[in-house]
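The chain contents come next:
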Amino acid sequence: MGKTAIIWFRKGLRLHDNPALLAAAKDADHLCPIFILDPWFLKPDKIGVNRVQFLLESLADLDASFRARGSRLMVLRGKPQDVLPRVVKDWGVTHLCFESDTEPYAKQRDAAVRDLAEAAGVEVHSPVSHTLYDPQMLLDRNGGKPPITMQSFTKLVDSVGAPPAPAADPPEKLPPLPPKAEAQAAAAEADVPSLTDIGYPPAGTTPFKGGETAALARMADYLADKDWVCAFEKPKGNPAAFVRPATTVLSPYLKFGCLSPRLFHAKLQQIYAEKSGKHTQPPVSLRGQLLWREFFTLCGYAIPNFDHMEGNPVCKQIPWVDDPEFIKAWEESRTGYPWIDAIMAQLRQQGWMHHLARHSVACFLTRGDLWCSWEAGQAVFDKYLIDADWSLNAANWQWLSASTFFSQYFRVYSPISFGKQYDKDGAFIRHYLPVLKDFPSKYIYEPWTAPLSVQQRAGCIIGKDYPRPIVDHTTASKENMARMKAAYDAAKAADAARGEDSKPAKRARKK
């Protein structure tokens, strides 16, 4: 009996650096590249159209790459636990290969699929390639516990050494589909669907196009400026830059695996070597951003209930109050603070925003102004972001709400003055909130302070055409600092009663 292998794509939507694909194709008589549209993820009320559009574009690009090699991508629908046993039997599959995944749902799904496959006599291969390092290896090297500071994580990866090099590209000619799969493909039963086919509006609004081809082109574009690469220093950068973003916007391509982190890392190391070590260093460098991704992925892999406050052993228990009106106003750009509302408009339109913009709106929703939970913000980001990653989203919200990783809760982003540092005249606000476009620069961040005559000339009456501030920032931020202090004191007392060290970890440098 010859080898008939399935390469099952979930993330890792690329041909380059794909060890699972290489394992599937090696010595195979037939190769079945498949993607399964899992109803777990296709929920229009939870996952927005921009991210699904990015996914479908990525699948179409992947399909084109396979067709260029004499194969094609089969897009199937249903629960993987139901779909895979059926096609394994129908197609005579002997090997199942897929990239390892660390998310809770994925771990349960993959364990179930592995059991079903092995019970059917199918050999399963699941290499690590979504991250630089194998998270389980890092966990083992750290004594079974994840580091909870970037400083300790960096020491850990320094002790491990360089990550594996990217895998070789697949052959220019790949094995064909098995006959029964070929017949299914010929009947157009496994084409990449349209958005409307799966219950979404006909088009999204994000300007970022999904796929491996776009990912490699974007990486090449930004890495061409080697001086910029070597000088990159986060958190510096302009959150109000929207014509050409101040960062690479490679995050959605890394999220979907259209771009290999190992390839990106290798390219960066090559540039750094050419510059004889004259470049920024982690955690603020571009390589540092890949290490942040590794750090937070490891935390999500190892820490129970990482996307919740309750039951999360590293998260401060803070008595947030989820006011539905506050959360909805924040989501829909109705807080009355133009800087915050413009950022949220960018999120809904583009599915992306600069990291400092994310900092601003996350602080505003939680400890800064509205005192709503980070879990509520996490859900909104997960709906709209095209780069929404389960571990990174949870980690960043815990960080920015000063619940985990970061303890300086008294450092609050002003919804008025912070944006002015980068965009004095409010071009960003005028672009995303056209209702305010004719306000003088003097009032663009605080339109409620403009005299009525100015509002009339601008064609926008505050309280009618654009809302008044939902809270008074000065008052709310002071009240919330007192609440945070009380929560921290309560946590310290509880830890002391248990005989634990409650001193919160301090970060060495800005994220």
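Our structure is the block above this text.
No experiment lies behind these values; they were computed from the predicted model shown.

Here we take up the overall build of the protein. Tallying secondary structure elements over the protein gives 21 helices and five strands in all. For 511 residues, the compact-globule formula gives about 24 Å, and the C-alpha radius of gyration of the protein, at 24 Å, lands near that figure. By its C-alpha atoms, the protein is 80 × 60 × 50 Å across when sized along the principal axes. Taking all 511 residues of the protein together, the buried fraction comes to 56%.

Further remarks concern the packing of helix H6 (residues 150–160) against helix H12 (residues 286–302). Orientation of H6 relative to H12, taken along the N-to-C sense of each, is 100°, at an axis distance of 10 Å. The orientation of H6 with respect to H12, classified from their angle, is roughly perpendicular. Contacts between H6 and H12 involve Met150, Phe153, Leu156 and Val157 on the former and, on the latter, Gly288, Leu291, Trp292, Glu294, Phe295 and Leu298. For the contact of H6 with H12, the per-class residue count stands at eight nonpolar, one polar and one charged.

To continue, consider the sheet that holds strand S4 (residues 95–98). Read across the open sheet, the five strands follow the order S3-S2-S1-S4-S5; overall the sheet is parallel. Each edge of the open sheet is held by one strand with a lone partner, namely strand S3 (74–77) and strand S5 (123–125). In this sheet, adjacent strand axes meet at a mean angle of 25° when their direction is disregarded. Note that strand S2 (residues 30–37) and S3 share four bridges and pair parallel. Paired with Ile36 across the two strands is Leu76, which belongs to S3.

Looking now at the packing of helix H13 (residues 324–331) against helix H16 (residues 374–384). Orientation of H13 relative to H16, taken along the N-to-C sense of each, is 35°, at an axis distance of 11 Å. When the axes of H13 and H16 are compared, the crossing they make is right-handed. Facing Ile327, Trp330 and Glu331 of H13, the residues of H16 in contact are Ala376, Gly377, Val380, Phe381, Lys383 and Tyr384. Of the residues belonging to the contact of H13 with H16, the class tally is six nonpolar, one polar and two charged.

Rules of the game
Residues numbered from 1 in each chain as written. Predicted model: local features only at pLDDT ≥ 70, side-chain atom pairs only at ≥ 80, totals over all residues. Heavy atoms only, no water. Helix = DSSP H or I, 4+ residues; strand = E, 2+ residues; numbered from the N terminus. Rg over C-alpha atoms; globule rule 2.2 N^0.38 Å. Buried < 20%, exposed > 50% of the residue type's maximum accessible area, 1.4 Å probe, protein only. Axes fitted to C-alpha atoms, helices over the stretch in contact; angles between N-to-C directions. Parallel < 35°, antiparallel > 145°, perpendicular 65-115°, else oblique. Contact = heavy atoms within 4.5 Å. Nonpolar A, V, L, I, M, F, W, Y, C, P; charged D, E, K, R; others polar. Pairing = 2+ DSSP bridges. Left-handed = near helix turned anticlockwise from the far one by under 90°.

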